Amino acid sequence: MIRHLYRLYPHPGVLVRMGLLHLVLAILQGVLLGMLVPILRALLRPEPDLAAATPWLVAGAVGAAVYGVLKMIATPVGFAASMSLAAQLRHRLMRHAATLPLGWFTGGNKAKLSRTVTTSAGNVAQLASTFGPPAITGTVVPATVVVVTFFVDWRLALLFLAILPVAFLALRRAGRITAEADRELDEAATEIAGRAIEMGQAQPVLRAAGHGTTGTARMRHALDEHRTRYRKGLRRSLVPDLTYTAVVMVGFVAVMVLGAQFLLSGTLQVADAVALLVLAVRFLEPLGTLTELLGTLHAMDNSVTRVENILYTPALKHHPKPVRELKDATIEFSDVTYSYGGTPALSGVSFRCRPGTTTALVGPSGSGKTTVTRLIARFFDVDSGSVRVGGVDVRELDHQVLLSDVAIVFQDVYLFDTTIEENLRIAQPDATHEELMAAARAARLNEVVARLPQGWQTKVGEGGAQLSGGERQRVSIARAFLKKARVVLLDEAGSALDPENEGAISEAIANLSQDPNRTVIVIAHRPATLATADHVIALDGGRVSEAGTPSELRATGGTFARLYNQYEHARSWHIGAAPAP
Ligand SMILES: Nc1ncnc2c1ncn2[C@@H]1O[C@H](COP(=O)(O)OP(=O)(O)OP(=O)(O)O)[C@@H](O)[C@H]1O
């Protein structure tokens, strides 16, 4: 654990200083208690001897004053250190998250990241405040008390020593069980966080299906699971917790019984018996608090593991001497194979797209179309083969340079809850008004803006909820124009769009292709896009099944011709089914 913590805090200066401060406090506490012995011996004589007690009383008062001052310094320092450590750790996590491949950000991983940055980083930083100081007190005070007791009565000191291993074994068992329960509980909590994100995103679908208030079956299952694990964990940790408390209590009773016996047999003075009783309380009480700290320790241990899991997730590899300029926008796949872990999503895929052309990717669901676009934007690195942009392997290209020239238009575009202008400016913050207007015209976004109540200053709502799917895609295409991206990867909306949006998006794609320096790759679902593409690549089971111009492929009567006919059929069905105006 200490080794792991050292890896998380490579410069633990503040922690070491704080630890030393609490060590001094704990030893001082034991020594101050030890001073009770000469004081009581002097004062509890038949003839109380104040003169003999005075030096000890003065030393005790000075010690107590030093203790008070150190304690006043230690507490705020501990909390400040804790906050600073949490902030450091959170920065480190966020810095690392920014270097992870985009493909890592799945729903589950996003939930893990959010819990780790908020809860786990806070737990680990508790080391400096709520965990570290009581843990030092809970172990060092009993140790000091044992040493002091040896000077008073070795027999009771031995009894204290005998209690320690039994208490340690009981504590270890309780610790193992608490850790297991905490780990299970955290897994269940992360599952809930993931399901909550999913439920939030799926609200429209759920409400349409009449499940708006009851949530999803997966969410309900996750909540039930959490409750079951919580109950199970409580039941399991009850027995070892009680065992430990029993050991501590039996220890206290044993000290009382033995002390009384020594007192009656005349081998222990009354003054020493009183002092020993106080020492016994200060020996057993901190041990008692250790079991409470155990929960914190294991939560912290699990938190350290979670923080490490994210910090040690391999970042996107950087080439030692990356190419910092993209010569042109030629895209080339050479014998590319990629797998998400199971069956390859792409196998031996090769093709080339030249600047100034539009390539339509077609194929059945799961055939690998999205994976092709992800590999171009380097969400992941290929398992074998190579993806080249401008003649350079994307792994050798500076990632920022690559991303600054690539625009991705997803099927479901996410917009920030701000004005439409701000949403567009993300692509190029210092764009002039003319540039903004030109991009909007090219993407036919100007028509949408003209309709909005506050024009460019209209807020689009959380995720862009005020706009339709097709309108959001038009914002995203406008971003590509504004950014002057030479590579545009576009996933056409799969669901039916209204005729206006459909026409606008087809025209926007055609406008994108006008630039002779730009390469456009469209995951195409519409016959209009398929018909106007310069080139078509049909994928099937992760392999290129056909490639050629649309007319060539329609003539061959293969996969593309079949899909084209299906799309045409679906389109005529939509038109036929549309209500008469
Ligand atoms: N993040 C992921 N983790 C694991 N497997 C994945 C992931 N993304 C895709 N796959 C799998 O890889 C294969 C190719 O998926 P891909 O999304 O590229 O296909 P697609 O042709 O774009 O499908 P669709 O048209 O349905 O979007 C599928 O078998 C899919 O299940």
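Worth saying up front: this structure is predicted, and the values here are computed from it rather than measured.

A. Expanded view of the overall build of the chain. Looking only at helices and strands, the chain features 20 helices and 10 strands. Residues classed as buried in the chain amount to 35% of the 581 residues present. Of all intrachain contacts in the chain linking residues separated by at least 6 positions in sequence, the fraction that spans at least 24 positions is 80%.

B. Focus on helix H2 (residues 13-34). An ideal rise of 1.5 Å per residue puts 32 Å on 22 residues; H2 measures up with 32 Å between its terminal C-alpha atoms. Those residues of H2 hidden inside the fold are in contact with helix H3 (36-43), helix H4 (50-97), helix H6 (132-152) and helix H10 (270-311).

C. Structural view of the pairing of strand S4 (residues 384-389). Judged from the 5 bridges that link them, strand S1 (residues 331-339) and S4 form a sheet pairing that is antiparallel. Residue pairing across strands places Ile 331 opposite Val 389, the latter belonging to S4. Taken together, the 2 bridges between S4 and strand S5 (residues 392-393) define a ladder with antiparallel strand orientation. In the strand pairing of S5, Arg 388 is matched with Asp 393.

D. How the structure looks around the packing of H4 against helix H5 (residues 107-125). The contact between H4 and H5 brings their axes to 8 Å, and the two run at 150°. In terms of orientation, H4 lies roughly antiparallel with respect to H5. Note on packing geometry: the crossing formed by H4 with H5 is right-handed. Between H4 and H5, the contacting residues are Ser 82, Leu 85, Ala 86, Leu 89, Arg 90, Leu 93, Met 94 and Ala 97 on the first element and Leu 113, Thr 116, Val 117, Ala 121, Gly 122, Val 124 and Ala 125 on the second.

E. Just the pairing of strand S6 (residues 406-409), in detail. The alternating pattern of S6 places Val 406 and Ile 408 on one face and Ala 407 and Val 409 on the opposite face, and all of these are buried. Note that S6 and strand S7 (residues 487-491) share 4 bridges and pair parallel. Note on S7: the bridge partner recorded for Val 406 is Val 487.

F. Highlighting the site of the ligand. Every residue near the ligand is listed here: Thr 106, Tyr 340, Ala 345, Gly 363, Ser 365, Gly 366, Ser 367, Gly 368, Lys 369, Thr 370 and Thr 371. It is helix H11 (residues 369-376) that provides the largest number of residues to the shell around the ligand, a total of 3 residues. For the shell around the ligand, the class distribution of residues is 2 nonpolar, 8 polar and 1 charged.

G. Quick peek at the UniProt feature "transmembrane region" (unreviewed entry) in the chain. UniProt's entry tags residues 20-44, 56-74, 154-171 and 238-260 with the feature "transmembrane region" (unreviewed entry), counted in the numbering of this structure. Along residues 20-44 one finds 92% helix and 0% strand; the C-alpha atoms at either end are 36 Å apart. Spanning residues 238-260, this segment combines 100% helix with 0% strand, and its end C-alpha atoms are found 33 Å apart.

H. Fine view of the sheet that holds strand S2 (residues 344-353). The strand order across the open sheet formed by 4 strands is S2-S1-S4-S5, and the pairing between neighbours is antiparallel. Edge positions in the sheet fall to S2 and S5, since each has one partner strand and no second. Taken strand by strand, H11 contacts S1, S2 and S4, and its axis lies near 115° from that of S1.

I. Here's a closer look at the nonpolar core. Of all hydrophobic cores here, the largest spans 74 residues; its most connected members are Leu 361, Val 389, Ala 478, Val 488 and Val 522. In terms of residues, this core owes the most to one element, helix H16 (residues 469-483), which gives 6 residues. Leaving out residues up to four positions away in the same chain, Leu 361 has contacts with Lys 369, Val 372, Ile 521, Val 522, Ile 523, Ala 524, Ile 537 and Leu 539. Counting residues in each nonpolar core, the second largest holds 52 residues, with Leu 36, Val 124, Val 152 and Leu 159 among its members.

J. Main features of the environment of Asn 123. Within the element layout of this structure, Asn 123 appears in helix H5. Given 22 C-beta atoms within 10 Å, Asn 123 falls into the buried group. For the pair Asn 123 and Ala 86, spaced 37 residues apart in sequence, the C-alpha to C-alpha distance is 8.4 Å. Setting aside residues up to four positions removed in sequence, Asn 123 forms contacts with Ala 299, Met 300 and Ser 303.

K. Broad picture of the packing of H5 against helix H7 (residues 154-201). Interhelical geometry of H5 versus H7 gives an angle of 120° and a closest axis separation of 9 Å. With respect to H7, the element H5 is oriented oblique. The handedness of the crossing between H5 and H7 comes out as right-handed. On H7, the residues that touch Gly 107, Gly 108, Lys 110, Ala 111, Lys 112, Ser 114 and Arg 115 of H5 are Thr 190, Ala 193, Gly 194, Ile 197 and Glu 198. Considering only residue class, the contact of H5 with H7 consists of 3 nonpolar, 5 polar and 4 charged.

L. Region of interest: the sheet that holds S6. Reading across the sheet, the 6 strands line up as S6-S7-S8-S3-S9-S10 and stay open at both edges, with mixed pairing between neighbours. Strands at the two margins of the open sheet, each flanked by one partner only, are S6 and strand S10 (543-548). Averaged over all adjacent pairs, the angle separating strand axes in this sheet is 15°, with direction ignored. Packed onto the sheet, H16 meets S6 and S7 and runs at close to 175° relative to S6. Sitting on the sheet, helix H17 (residues 499-514) is in contact with strand S3 (358-362), S7 and strand S8 (519-523), with an inclination near 150° to S8.

M. Fine view of the environment of Val 147. Along the chain, Val 147 turns up in helix H6. Look at Val 147 and you get partly exposed, because 13 C-beta atoms sit within 10 Å. It is 9.4 Å that separates the C-alpha atoms of Val 147 and Gly 34, two residues lying 113 residues apart in sequence.

N. Spotlight on the environment of Phe 283. Mapping Phe 283 onto the fold places it in helix H10. With 137 residues separating them along the chain, Phe 283 and Val 146 place their C-alpha atoms 7.6 Å apart. When sequence neighbours within four positions are dropped, the list of residues in contact with Phe 283 reads Pro 142, Val 145 and Phe 160.

O. Region of the structure containing helix H14 (residues 433-442). Three or more residues of H14 are buried, namely Leu 436, Ala 439, Ala 440 and Ala 442. Mapping the buried residues of H14 onto a view down its axis gives an arc of 165°, with all of them on the same face. Summarising the geometry of H14, the exposed residues directed more than 90 degrees from the buried face are His 433 and Glu 434. Buried-residue contacts for H14 involve helix H13 (420-425), helix H15 (446-451), H16 and H17.

Calculation rules
- Residues numbered from 1 in each chain as written.
- Predicted model: local features only at pLDDT ≥ 70, side-chain atom pairs only at ≥ 80, totals over all residues.
- Helix = DSSP H or I, 4+ residues; strand = E, 2+ residues; numbered from the N terminus.
- Buried ≥ 20, exposed ≤ 12 C-beta atoms within 10 Å, placed from the backbone.
- Contact = placed C-beta atoms within 7 Å.
- Expected span 1.5 Å × (residues − 1).
- Pairing = 2+ DSSP bridges.
- Axes fitted to C-alpha atoms, helices over the stretch in contact; angles between N-to-C directions.
- Parallel < 35°, antiparallel > 145°, perpendicular 65-115°, else oblique.
- Left-handed = near helix turned anticlockwise from the far one by under 90°.
- Near = placed C-beta within 6 Å.
- Nonpolar A, V, L, I, M, F, W, Y, C, P; charged D, E, K, R; others polar.
- UniProt positions renumbered as here; feature names shortened; annotations may be inferred.
- Core = buried A, V, L, I, M, F, W, Y, C linked by C-beta atoms within 7 Å.
- Arc of directions from axis to C-beta.

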